[in-house]
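# Observations on the model geometry
Next come the chains, spelled out residue by residue.
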Amino acid sequence: MRLVIMGPPGAGKGTQAEALARRIEGAHISTGDIFRDNVSRQTELGRTAQRYMDAGEYVPDSVTNAMVRDRLAQPDARDAFLLDGYPRTPDQVAELDSILSDLGTQLDAALALTVDPEELIARLLKRAETSGRSDDTEDVIRHRQEVYTAETAPLLNVYRERGLLVEVDGMGSVDEVAARIDAALPKA
């Protein structure tokens, strides 16, 4: 199974993605992990990304796309994968389509976790409190939600129009949400 997982910050994507990747026996491909891996190995892409990150700037799509292309070509992603944190823009959707076409494959589903916006804010404030992240203020969290709504949420319509969107209620315990995901996904 080849999936992307989407949802606003605090929806539980990371938690669900790791467990779901194990259940589908596929690679969990997180763009954050790809960045950290390339930077730690000092690959050419990693050094390029590091320059942008050190300057506090977004890593350009060209660098992100190249890292994703390289990662999806690795043997552990051949039969099954779960992309977490990519695509985030319409241009990245087009690039992912191109990457998958070049690999002779396509997505089986785009999984979207939905959570009440006020619940998301409460979750992230609690997480900030328990992890000591002083930068996660309510204003910053609300801004992140606005950025997601403006920039990434429109991708849901792209996948809906393609018949790939699977929306799952992200409210409840980790196990409850996982059970809903498993019930909603197409069977391989």
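Above this text you will find the structure in question.
Please read these numbers as outputs of a predicted model, since none were measured by experiment.

## With respect to the layout of surface pockets
- Put simply, the largest pocket is a space of about 1,600 Å³.
- In terms of lining residues, the largest pocket is bounded by 46 residues, among which Pro9, Lys13, Gly85, Arg88 and Arg144 are the most central.
- Where the lining of the largest pocket is concerned, the elements lending two or more residues are β1 (2-6), α1 (13-23), α2 (31-40), α4 (61-72), α6 (117-131), α7 (138-152) and α9 (174-184).
- Split into classes, the residues belonging to the lining of the largest pocket amount to 16 nonpolar, 18 polar and 12 charged.
- The volume enclosed by the second largest pocket comes to roughly 150 Å³.
- Residue assignment for the lining of the second largest pocket shows that the elements contributing at least two residues are β4 (109-114), α6 and α7.
- Counted by class, the lining of the second largest pocket contains 9 nonpolar, 3 polar and no charged residues.

## Observations concerning the sheet that holds strand β5 (residues 165-169)
- Sheet architecture is open: 5 strands sit in the order β2-β3-β1-β4-β5, paired in parallel fashion. Bordering the open sheet on either side are β2 (27-30) and β5, each of which pairs with just one other strand. On average, each strand axis in the sheet is tilted by 20° relative to the strand beside it, whichever way the strands run.
- Pairing between β1 and strand β3 (residues 81-84): 4 bridges, direction parallel. Note on β3: the bridge partner recorded for Leu3 is Leu82.

## What to know about the environment of Ala55
- By the secondary structure assignment, Ala55 is in the loop between α3 (44-54) and α4.
- Under the relative-accessibility criterion, Ala55 is labelled partly exposed at 47%.
- Taking the C-alpha atoms as reference points, Ala55 and Asp102, separated by 47 residues in sequence, lie 33 Å from one another.

## Looking at the pattern of salt bridges
- Following the criterion strictly, the structure yields 11 salt bridges and no others.
- For Arg23, the salt bridge identified is with Asp182, shortest N-O distance 3.0 Å. Residue Arg23 is located in helix α1, and its partner Asp182 is located in helix α9; the two are separated by 159 residues in the primary sequence.
- One salt bridge in this structure joins Arg71 and Asp76, with 2.7 Å as the shortest N-O distance.

Parameters and conventions
Residues numbered from 1 in each chain as written. Predicted model: local features only at pLDDT ≥ 70, side-chain atom pairs only at ≥ 80, totals over all residues. Heavy atoms only, no water. 1 Å grid on protein atoms, 1.4 Å probe; cavity = no way out; pocket = protein on both sides within 12 Å on 5 of 7 lines; lining within 4 Å. Points joined across faces, edges and corners; volume = space filled by probe spheres on them. Helix = DSSP H or I, 4+ residues; strand = E, 2+ residues; numbered from the N terminus. Nonpolar A, V, L, I, M, F, W, Y, C, P; charged D, E, K, R; others polar. Pairing = 2+ DSSP bridges. Axes fitted to C-alpha atoms, helices over the stretch in contact; angles between N-to-C directions. Buried < 20%, exposed > 50% of the residue type's maximum accessible area, 1.4 Å probe, protein only. Salt bridge = Lys/Arg side-chain N within 4 Å of Asp/Glu carboxyl O.

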